[in-house]
Amino acid sequence: MIEKPIKDYDKEVKNCSCSYCGNNCDDITYLLKNDEIVGVRHACRIGASKIINDQDQRLLSPMIRNDEGILEETTWDVALDKTARLLHNSTRPVLYGWGETSVEAIKKGIKIAEITGSVIDNQSTICHGTSIQAFQNVGHPVMTLGEVKNRADVIVYVGTNPMDDHPRHLSRYTTFPEGFFRRNGRQDRTIITLDPKYTNTAKVSDKWIQFNMDEDYLLFNALRMLLKGEELEEKEVAGVSTQQLEELIKIMKNAEYGALFFGLGVSQTLAKQKNVDVLIQLIEDLNRYSKWSMLPMRGFFNVSGFNIALTSETGYPYGVDFSRGYPRFMVGETTTIDLLNRREPDFFMAVSADPGVQFPGYTIKHLVNIPTIQVDTHWGPYTELSDIVLPSTRVGVETEGTAYRMDSIPLFMKKVIDKPKNCHSDEWILTELYKRIEQLKQEDE
Amino acid sequence: MKAINLVMTRKNSIAIEFDNILPELLFDKSLTQIQDSIIYMGNKQLPLSEFFEVEIEGDCQNSEDCLINIEGDLSRVKRIGFAMNSGKIIANSNVDFHVGALMTGGHITVNGDAESYAGREMTGGTLEIKGNVKEFCGSSYAGEWRGMSGGQIIIHGNVGKQLADFMLDGKIHIRGNCDILAGVHMSGGFIQIDGNVTQWIGGQMKKGIIVLNGKIDSMLPGFVFQEIVHNPLINGQYFIGKYRLYSGDRGVNGKGQIWIKE
């Protein structure tokens, strides 16, 4: 069924930023009627759905779970006081999430983590954390999406499926747009997808190279050999024929400007950060022949912003442990999933994230036994686990704030409509929490 | 010889950190001072006596003659022998993260298994683990490109992935099997593996020597077969049998050696 265009609106707000994925599309137009969003233009199907259904399952008042296990509405003062006391008295608190809030709120969160000796971590721990480790180990040839749009003639997607996960990535930045040096858009570009699966991105690509799952490390090593002009003894590497690999290297070497994007199909398969590590070195090697850069396909709209803000404050990108008063970072030791699997945390606060959806079952089981706090906009599986719920507002819709796009470009996200009456921004909630914890600390002294 | 005997009396799900319990810090301390040594649990600082019974036998004039003997379930005790420079520690149990990490001297024996990060970035001393070890043994810390640069690690059991990541120098002897990516980014040092290796040994290796007495499914494409040598003399030691010598990793113009027993 084809839906008719929305005509029943009284106001248009242009140049807004979408708060869904790492594309951070900043050309969104909201259609308002009586100060409520009734339609959206330019957003992809996922972004539009998220914006239009914003009021569905919305958390509208602070709640505390009573002795019978039912969430009961309460006042902000009661909910914040209780949260502050629980956090202040805990020994191994974890503050998780942050991928869908503003950098301004993240900075408040880092301050809270520091004064309470908490671990602060975000969704990188289950997605591109391994990529960031590789960037810190061997460097990272960076680019902006604007450069890709205007210059790139060869685009390679590895282990990622933006057609489904970042729907406007191809249309806005990489494949279809006309660029300054790519006047004919799609016709001027060669799109190659390397993926074990025949994804929707593979379907729109000029070339799909299928390789064996978990053999990324082997594949990238072989490509490096071929790039150096070495001959491979094997007829097939990682399920790909040597001839196919030679053709791929030829295209990559002859590119005028090449851009490689990789996803969790690289960063979370067997060799994890070493996959990214060797991929970075392949791209570095390619720069002897042509101009090549690479980017991870970041998921949430500000997951990159958290890494940038935390690295700026502490030197570490995620999973930072302040328990000794100074920042420490150890993969597998101070990262959320590992801490929960070891049953260490005695307090867990999720800010704009739903661990109930994102975490493995064994990990979630521990959350049932400890105080859990939710700071979020919508009812979700984690609400069912939470002892205290603090309803917040959506950045880029009800609250303004800064977010970093997947290529680390900061974007200002403007406010479009007023927030629900009894909700507050993450920044406000965290500021109030910080004040209360400071007061408790002073009382202790 | 002074022996400090610690017996664990209380175990918590939150790990405790033991970096203040070192021979060089405790050899000249009285019983009360040792009992009051600070250990860390989450964001709290607690005296050692909260978790351990302490007993002292004998006396010594320097830390080299000091032995710390730890009993009980130490599977939630992190940083045993962390940055240790002399003396001896014996842990009679499984141990948690970072055992012997950053150590510069002395001897640590673990009569059990060890969690990840054992002997990371160590520069001297000996770390001997009688059981299995998890990941990143003898490697570098995240973001660092210099791993183990001296000393010796002996593992009697199996080892997890990324053994000796970015290793610069020193010796590692694994008597069991080894998971993926052993010796990745290695640029010096010597590794002997008596068991089997899963795959991808020596990726991006620049220098150094790996001897594999067990089996490996396949080599990375960056390694070139050189020759077969009978009873080769490797790193000052004769290895009995027929060994295939590979060199690489060509991807980084590496001149590392991997010897694999036929």
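About the cut-offs
Residues numbered from 1 in each chain as written. Chains lettered and ligands numbered in written order. Predicted model: local features only at pLDDT ≥ 70, side-chain atom pairs only at ≥ 80, totals over all residues. Heavy atoms only, no water. Axes fitted to C-alpha atoms, helices over the stretch in contact; angles between N-to-C directions. Helix = DSSP H or I, 4+ residues; strand = E, 2+ residues; numbered from the N terminus. Parallel < 35°, antiparallel > 145°, perpendicular 65-115°, else oblique. Left-handed = near helix turned anticlockwise from the far one by under 90°. Contact = heavy atoms within 4.5 Å. Nonpolar A, V, L, I, M, F, W, Y, C, P; charged D, E, K, R; others polar. Disulfide = S-S within 2.5 Å. Buried < 20%, exposed > 50% of the residue type's maximum accessible area, 1.4 Å probe, protein only. Arc of directions from axis to C-beta. 1 Å grid on protein atoms, 1.4 Å probe; cavity = no way out; pocket = protein on both sides within 12 Å on 5 of 7 lines; lining within 4 Å. Points joined across faces, edges and corners; volume = space filled by probe spheres on them. Buried area = accessible area lost by both parts, 1.4 Å probe. Salt bridge = Lys/Arg side-chain N within 4 Å of Asp/Glu carboxyl O. Polar contact = N/O pair within 3.5 Å; in protein donor to acceptor, adjacent residues only side chain to side chain.

Time to look at the packing of helix α2 (residues 76–89) of chain A against helix α18 (residues 426–444) of chain A. All names here are of chain A. Here α2 crosses α18 at 55°, and the two axes come no closer than 9 Å. Of the possible angle classes, the one that applies to α2 and α18 is oblique. For the element pair α2 and α18, the recorded crossing hand is right-handed. Across the interface between the two elements, Trp-76, Asp-77, Leu-80, Asp-81, Thr-83, Ala-84, Arg-85, Leu-87 and His-88 from α2 touch Trp-428, Ile-429, Glu-432, Leu-433, Arg-436, Ile-437, Leu-440, Lys-441 and Asp-444 from α18. Of the residues in the contact of α2 with α18, the class split is 9 nonpolar, 2 polar and 7 charged.

Take the state of the cysteines next. Tallied over the entire structure, the rule returns 0 disulfides over all chains. Among the cysteines around Cys-21 of chain A, which has no disulfide bond, Cys-25 of chain A carries the closest sulfur, lying 6.0 Å off. Of all cysteine sulfurs, the one in Cys-178 of chain B lies closest to Cys-137 of chain B, which takes part in no disulfide; the gap is 8.7 Å. Of the residues examined, Cys-137 of chain B reaches a relative accessible area of 0% and is grouped as buried.

For the rest of this paragraph, the subject is helix α1 (residues 45–52) of chain A. All names here are of chain A. Where α1 is concerned, the buried positions are Gly-47, Ala-48 and Ile-51. The buried residues of α1 occupy an angular sector of 95° when the element is viewed end-on, so they sit on one face. Against the buried residues of α1 lie β2 (28–33) and β3 (36–41).

The next subject is the layout of surface pockets. Residues and elements named next belong to chain A. Roughly 1,100 Å³ of internal volume is contained in the largest pocket. Tyr-20, Glu-100, Gly-299, Phe-300 and Gln-358 are the residues nearest the centre of the largest pocket, which is lined by 50 residues in total. Secondary-structure elements contributing two or more residues to the lining of the largest pocket are α1, α11 (264–267) and α15 (355–358). Tallying contributions element by element places α1 first for the lining of the largest pocket, with 3 residues. For the lining of the largest pocket, the residue count by class is 17 nonpolar, 21 polar and 12 charged.

What follows concerns helix α4 (residues 129–138) of chain A. Given 3.6 residues per turn, any residue in an α-helix points the same way as the ones three and four places further on. Residue and element names in this part refer to chain A. Where burial is concerned, most of α4 is hidden: 8 out of the 10 residues are buried. Listing the buried residues of α4 in full gives Gly-129, Thr-130, Ser-131, Ile-132, Gln-133, Ala-134, Phe-135 and Asn-137. The inward-facing, buried residues of α4 contact β13 (257–262), α11, α12 (273–286), β14 (291–296), α13 (303–314) and β16 (328–329). One or two steps after α4, the chain reaches Gly-139, where phi turns positive at roughly 90°.

Between chain B and chain A, the residue contacts involve 45 residues of the former and 44 residues of the latter. With both chains or domains summed, chain B and chain A bury close to 3,600 Å², and 49% of this area falls on carbon and sulfur atoms. The largest contributions to the chain B side of the interface with chain A come from Asn-43, Trp-200 and Pro-221 of chain B, which together make up 17% of the buried area. Applying the counting criterion to the chain B and chain A interface returns 7 salt bridges. With a shortest N-O distance of 2.7 Å, Lys-78 of chain B and Glu-333 of chain A are connected by a salt bridge. Where chain B touches chain A, the interface holds 24 residue pairs in polar contact (both at pLDDT 80 or more). Of the residues contributing to the side of chain B that touches chain A, the split by class is 19 nonpolar, 13 polar and 13 charged.

Keep in mind these values describe shape, not function.
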